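Summary of the model geometry
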Amino acid sequence: MKLYEPVTLAMPLAKEIGGFIRREGRLPAGDELREILKGFGLEESCLDRGLGVYRSKFLIALVFPREETIVVDVISSSGELSDALEVIAYHDKKLEAFVVEILPTNDLEYEGNVGIEPIIIDGETLELESNPVLGHFEEDEEGLFLVIDGKTYERWRGEGDIHTCPICGGELAWKGDKAYCQDCGYGVKVVRG
Ligand SMILES: [Zn+2]
């Protein structure tokens, strides 16, 4: 997996947290979140009073300890904040659902338009109630692609708009199992398992 810009970590991280919630029926605890982050190849460089700092060559993830809410900020290791993203996971008592969202850390300066739909998981049945298009990023000779599985694609095609880029909200042009976005420069690749 390639981790360059914050979105390349935020999307697979949200997906992993969503998968954990659907399996376990709860938010991951601190240690479990550490394992998830290390699983992405991030190195833990500091852990102090619950605040965790994780880094890869291009990214830094900050994990903030909060009651009943997971907050992970992902920023470029260059210190550039305009593309920083925050992954938030919580149990919404009114909705009786778990929510995992990806938000720009800095609304005013964020250059893209996060087209990413939140993950909403029914608190009782643990069924997915929204239509998030999440995956991980892989690089090939044509560029960097968000790789999604066949199930995610079918749900997206059935309930969403496959011509809207899930990363930036721009327009996607499909060619077979690959789509290209001129706005953000990422693509989407469907890999059926
Ligand atoms: Zn795009």
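Residues numbered from 1 in each chain as written. Predicted model: local features only at pLDDT ≥ 70, side-chain atom pairs only at ≥ 80, totals over all residues.

**As for the sheet that holds strand 7 (residues 119-122)**
- Ordered in space as 1-2-3-4-5-6-7, the seven strands form an open sheet in which the pairing is antiparallel. Since the sheet does not close on itself, it has two edges, and those belong to strand 1 (43-48) and strand 7, each with one partner. Looking at each pair of strands side by side, their axes are set apart by 15 degrees on average, direction ignored.
- In this sheet, strand 4 (residues 69-76) lies alongside strand 3 (residues 59-66) in antiparallel orientation, the contact comprising eight bridges. Bridged to Leu59 within strand 4 is Ser76. (Pairing = 2+ DSSP bridges. Helix = DSSP H or I, 4+ residues; strand = E, 2+ residues; numbered from the N terminus. Axes fitted to C-alpha atoms, helices over the stretch in contact; angles between N-to-C directions.)

**With respect to the pairing of strand 1**
- Across the six residues of strand 1, zero count as buried, placing the element largely on the outside.
- Pairing geometry for strand 1 and strand 2 (residues 51-55), over five bridges, is antiparallel. What sits directly across from Asp48, in strand 2, is Leu51.
- What sits between the antiparallel neighbours strand 1 and strand 2 is a turn of two residues, in which Arg49 has the positive phi angle 45 degrees. (Buried ≥ 20, exposed ≤ 12 C-beta atoms within 10 Å, placed from the backbone.)

**Some remarks on the sheet that holds strand 10 (residues 172-175)**
- The mixed open sheet is built from five strands, whose spatial order is 8-9-12-11-10. Edge positions in the sheet fall to strand 8 (136-140) and strand 10, since each of these pairs with one other strand and no more. Strand-to-strand, the axes of this sheet are offset by a mean angle of 30 degrees, without reference to chain direction.
- Here strand 8 pairs with strand 9 (residues 143-149) via five bridges, running antiparallel. Residue pairing across strands places Asp140 opposite Gly143, the latter belonging to strand 9.

**Comments concerning the environment of Ile162**
- Checked against the element boundaries, Ile162 lands in the loop between helix 3 (150-159) and strand 10.
- With 16 C-beta atoms counted inside 10 Å, the residue Ile162 sits in the partly exposed group.
- Taking the C-alpha atoms as reference, Ile162 lies 23 Å from Pro6; in sequence the two are 156 residues apart.
- Sequence-distant contacts of Ile162, defined by excluding residues within four places in its chain, comprise Trp156, Arg157 and Leu172. (Contact = placed C-beta atoms within 7 Å.)

**Some remarks on the domain arrangement of the chain**
- Annotation of the chain at the domain level lists domain 1 (6-122) and domain 2 (136-191).
- Relative to domain 2, the C-alpha centre of domain 1 lies at a distance of 21 Å.
- Listed by partner, the interface residues are eight residues for domain 1 and ten residues for domain 2.
- When grouped by side-chain class, the residues that make up the side of domain 1 that touches domain 2 number four nonpolar, four polar and no charged. (Domains from an automatic or database assignment. Nonpolar A, V, L, I, M, F, W, Y, C, P; charged D, E, K, R; others polar.)

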